[in-house]
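# Observations on the three-dimensional arrangement
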Amino acid sequence: MMFRLRVKIFYVYIIISFVFSVYLFYLISKYSFEKFINYHRHVRSNKFPDRPRIPQIVGHYVGVGTVGNLSKDFMNTNNFDPIPGVGEHGDPVVIQAKDLLKMQQLFQINRYNLLASDRIALNRSLPDVRKPKCVSKLYPAKLPTTSIIIVFHNEAWSVLLRTVWSVINRSPKGLVREILLVDDASDRRFLKHELDNYVQKLPLSVTILRLNKREGLVAARLLGARMATGDTLTFLDAHCECSPGWLEPLLARVQENPKKVVCPVIDIISDDNFSYIKSFEFHWGAFNWPLHFRWYTLSDEELAERRKDTTTPFRTPAMAGGLFTIDRKYFFDIGAYDERLKIWGGDNLEMSFRVWQCGGEVEIAPCSHVGHLFRKSSPYTFPGGVSGILNENLARVALVWMDDWAKFFFKFNKGTEEFKSLNVSNRLALKRGLNCKSFDWYLRQVWPQNFFPAPNKFFGRIQPIDLTSTFDYQEYLTLMKKINLIIKNLNPELKWKFLIKYLTENVKRIGDSMKAAKHSPYCLHKPKTNTAINQPYGQAYLQKCSLLINVLDEQFVIDDYGRVMTDEGICLDSFRKTSIDGEEIVEGVRKIKMVTCGSQKPNQRWVYETDTYHLKNIGDGTECLERSATLTREDGEDKYELFLGPCDVRNELQKWMLFPVAWK
């Protein structure tokens, strides 16, 4: 009897051990897999620098995390306990299996691996990721001084002070006048007296300024700027690490021209393991249709110019906003910040538009590298709600700086219309006083590669002409016959110029003729975002059109060069597979993709034949856009595939309608 009992206990022990081992293996595998994916994303970014690879979190709010059931005492405990050698040279921190549960608990507090951070020394070493020419570049012996302004709210002790120590250790002596830490009403105990006492012992002047209530980034930065005494102001986020040689390129450029606002290259500090990952130097900042900040690849022409001297700062249409240097006097002359911007969001675009449109320039210095801790979600609270604050801030930016394009922003972005009547009179007065240029000038001169609608571009839907549907295409076909008489023998660019003007003039006429449709047709759709590159990318499909005309995923822009583009800077591409040697691989069917726009890519040039309703690819000259004869089912939706086929006037699957939509 006793023997049987022991056998049962033994088997129970074996089962429990097995279950625990499987769970432990799952945790380790999940963590290792994330590290593996992050590593390979980094490798891909170095191998394929022609596409944006930098995470978009710097300028785009991605959601609130949760701290679960953690107690206040747990969240207020400073667990900083560095282990010698851990994380040195920017290496990843490996957490042992026995500590994975604790790691996951601590992760909830700041939405990064706090256990890993607390094991890294505050003054850890980092690799010198600069190019050799940057390392050997000489700067003037006398450079302007700077005041470093760092705003924080409930930041982790180790992360905040590692930011401070990286400034102290990697800035030439005498250039940093002071470090101003601005506390936006943190409630962590260790960020009060303990922090006050700590900074008094630092080898550089560090002052803590505190806001009594949560006012947000703009109010906190303005407080720091007003207290600063340096020749320049350098703004950093509270979760950064400055790498070797970071400061001199910024100060030297501002010294050359005080109207230049200069940003470093923003490298990546992993939120999973705190490894330091070098970013590709030659991306520039811009924004998408909902006004969220994005990194985009430099134009082909700009890249060719950059290769002549890889150390020279280059222009960027917009800054990420967290990290930049500006002349202190110029900062206030140009209007500082819009004080009515709340908590977070929109300040980077407001500053970028204002600087560019009012006579300044925004640049990125490729020889300056600062690591930024990128998170997949935010731990911060937004008094008043996230979407409301973000939409109100962006509405202020649009109303002041975007002219007619403000109408586009309000028309196509849900939740913004209630802010169309905000009082922005003081900023409009500033704009007039500074004699600032228009947003049209900004798009044409600063960012000519933009994918925004304009009076000289087609904007609207692209859908197949299906004569069996309830849509009345007759009005459209009649209009095409009329314009065909004018543009039939013109070159592609002139064809587009006339066609775009003609379609724009007949937006209402075409729209009214189709209101009697009893069902929704199919439209070309923007592909879903590819998580590996934070950009829509992939196979082009037709999907059911929305009954609403103002759905952004269904809208496309066509310029007179013949590029069919949409939000996020992706273009319709007659994709060709090539071998390693660059030779084209012959395929049975050439499927159409949406990929990053390139100004000189013939695969992305199209011409619309108004007599046959074909969209012909200029790269081939003999092949046209065609949809599949049957629907496919993917992600729970019916879709038509798109491919290139020999142009054939009898092929009904190659007939297309350009449905113009009023964008303002």
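Analysis parameters
- Residues numbered from 1 in each chain as written.
- Predicted model: local features only at pLDDT ≥ 70, side-chain atom pairs only at ≥ 80, totals over all residues.
- Heavy atoms only, no water.
- Helix = DSSP H or I, 4+ residues; strand = E, 2+ residues; numbered from the N terminus.
- Buried < 20%, exposed > 50% of the residue type's maximum accessible area, 1.4 Å probe, protein only.
- Contact = heavy atoms within 4.5 Å.
- Areas by Shrake-Rupley, 256 points an atom, 1.4 Å probe, with all protein chains shown as cover.
- pLDDT = per-residue confidence, 0-100.
- Disulfide = S-S within 2.5 Å.
- Core = buried A, V, L, I, M, F, W, Y, C linked by side-chain atoms within 4.5 Å.
- Phe/Tyr/Trp six-rings, centres within 6.5 Å; stacked < 30°, edge-to-face > 60°.
- Lys NZ or Arg CZ within 6 Å of the ring centre and 35° of its normal.
- Axes fitted to C-alpha atoms, helices over the stretch in contact; angles between N-to-C directions.
- Left-handed = near helix turned anticlockwise from the far one by under 90°.
- Nonpolar A, V, L, I, M, F, W, Y, C, P; charged D, E, K, R; others polar.
- Pairing = 2+ DSSP bridges.
- Patch = residues over 30% accessible without salt bridge, like charges linked within 9 Å, V, L, I, M, F, W, Y side chains within 5 Å.
- Salt bridge = Lys/Arg side-chain N within 4 Å of Asp/Glu carboxyl O.

Across its full length, the protein chain holds 19 helices and 29 strands. In the protein chain, which comprises 664 residues, the share counted as buried stands at 57%. Sequence separation of 24 or more characterises 78% of the internal contacts of the protein chain that already satisfy a separation of 6 or more. When the accessible surface of the protein chain is totalled, it reaches about 29400 Å², and 56% of it is carbon and sulfur.

The subject of this paragraph is the confidence of the model for the protein chain. For the protein chain, mean pLDDT is 86; residues scoring 70 or higher make up 84% of the total. Overall, residues 27-66 carries pLDDT values under 50, and its contacts beyond four positions in sequence, including any with other chains, amount to 89 contacts. Overall, residues 578-586 carries pLDDT values under 50, and its contacts beyond four positions in sequence, including any with other chains, amount to nine contacts.

Two cysteines form a disulfide when their sulfur atoms are joined by a covalent bond. In the structure shown here, the tally under the stated rule is five disulfides. The residue that forms a disulfide with C358 is C436, at a sulfur-sulfur distance of 1.9 Å. Across the S-S bond linking C358 and C436, the dihedral sits near 100°, which makes this disulfide right-handed. In this pair, C358 sits in the loop between α12 (347-357) and β12 (361-373) while C436 sits in the loop between α15 (425-433) and α16 (439-446), placing the two residues 78 residues apart along the sequence. Summarising the burial analysis for this pair, C358 and C436 share the class buried. Disulfide partner of C523: C545, at an S-S distance of 1.7 Å. When the S-S torsion is 100°, as for the bridge of C523 with C545, the disulfide is right-handed. Note that C523 is positioned in strand β14 (residues 522-525) and C545 in the loop between β18 (541-544) and β19 (556-558), a separation of 22 residues in sequence. Residues C523 and C545 agree in their burial class; the two are buried. Take the cysteines of the protein chain that form disulfides and number them in order along the sequence; they join up as 1-3, 2-4, 5-6, 7-8, 9-10.

I179, L181, F287, F331, Y476, Y608 and L658 are the most contacted members of the largest nonpolar core, which has 163 residues in total. In terms of residues, this core owes the most to one element, helix α6 (residues 157-170), which gives seven residues. Once residues within four sequence positions are removed from consideration, Y608 is found in contact with Y476, M480, W496, L499, Y613, H614, L615, W656, M657 and L658. Of all hydrophobic cores here, the second largest spans 21 residues; its members include V86, V93, L106 and V159.

It is worth spelling out the packing of aromatic side chains at this point. Tallying each qualifying case throughout the model produces 33 aromatic pairs. Relative to Y442, the ring of F353 has its centre 5.3 Å away and its plane inclined at 75°; by these criteria the two rings are edge-to-face. On the criterion of sequence distance, the pair formed by F353 in helix α12 and Y442 in helix α16 is long-range, its members being 89 residues apart. An identical accessibility class is assigned to F353 and Y442; each is buried. For the pair F408 and W663, a centre-to-centre distance of 6.4 Å together with 75° between the ring planes defines the contact as edge-to-face. One end of the pair, F408, is in helix α14 (residues 405-412); the other, W663, is in the segment after β29 (656-660), and 255 residues separate them in sequence. With relative accessibility at 1%, the residue F408 sits in the buried group. Of note, R605 hangs over the ring of Y561, and the distance from its end group to the ring centre comes to 3.9 Å.

Looking now at the packing of helix α17 (residues 474-487) against helix α18 (residues 492-505). One can describe the packing of α17 onto α18 by two numbers: an axis separation of 11 Å at closest approach and a directional angle of 145°. Relative to α18, the crossing made by α17 is right-handed. Here α17 contributes Y476, L479, M480, K482, I483, I486 and I487 to the contact with α18, which in turn contributes K495, F498, L499, Y502 and L503. For the contact of α17 with α18, a count of residues per class yields ten nonpolar, no polar and two charged.

Let's shift gears to the sheet that holds strand β21 (residues 570-573). Each strand in a sheet pairs with its neighbour through backbone hydrogen bonds, running either in the same direction (parallel) or in the opposite one (antiparallel). Taken in spatial order, the seven strands line up as β17-β23-β21-β20-β19-β13-β29 in an open sheet, and their pairing is antiparallel. At either end of the open sheet lies a strand with only one pairing partner, and these are β17 (538-539) and β29. One ladder, built from two bridges, connects β17 with strand β23 (residues 593-596); its direction is antiparallel. In the sheet register, Q539 faces β23, and the bridge partner there is K593.

Moving on, we get to a nonpolar patch on the surface. A cluster of nonpolar residues, L485, I486, L494 and F498, forms a patch on the protein surface that exposes about 410 Å² of accessible area. Those elements giving two or more residues to the nonpolar patch turn out to be α17 and α18. Along the polypeptide, L494 turns up in helix α18.

Checked against the element boundaries, L631 lands in the loop between β26 (623-627) and β27 (632-634). Residues L631 and Q543, 88 residues apart in the sequence, show an inter-C-alpha distance of 9.5 Å. Ignoring anything within four residues of it in the chain, the contact list for L631 reads Y522, D638, K639 and Y640.

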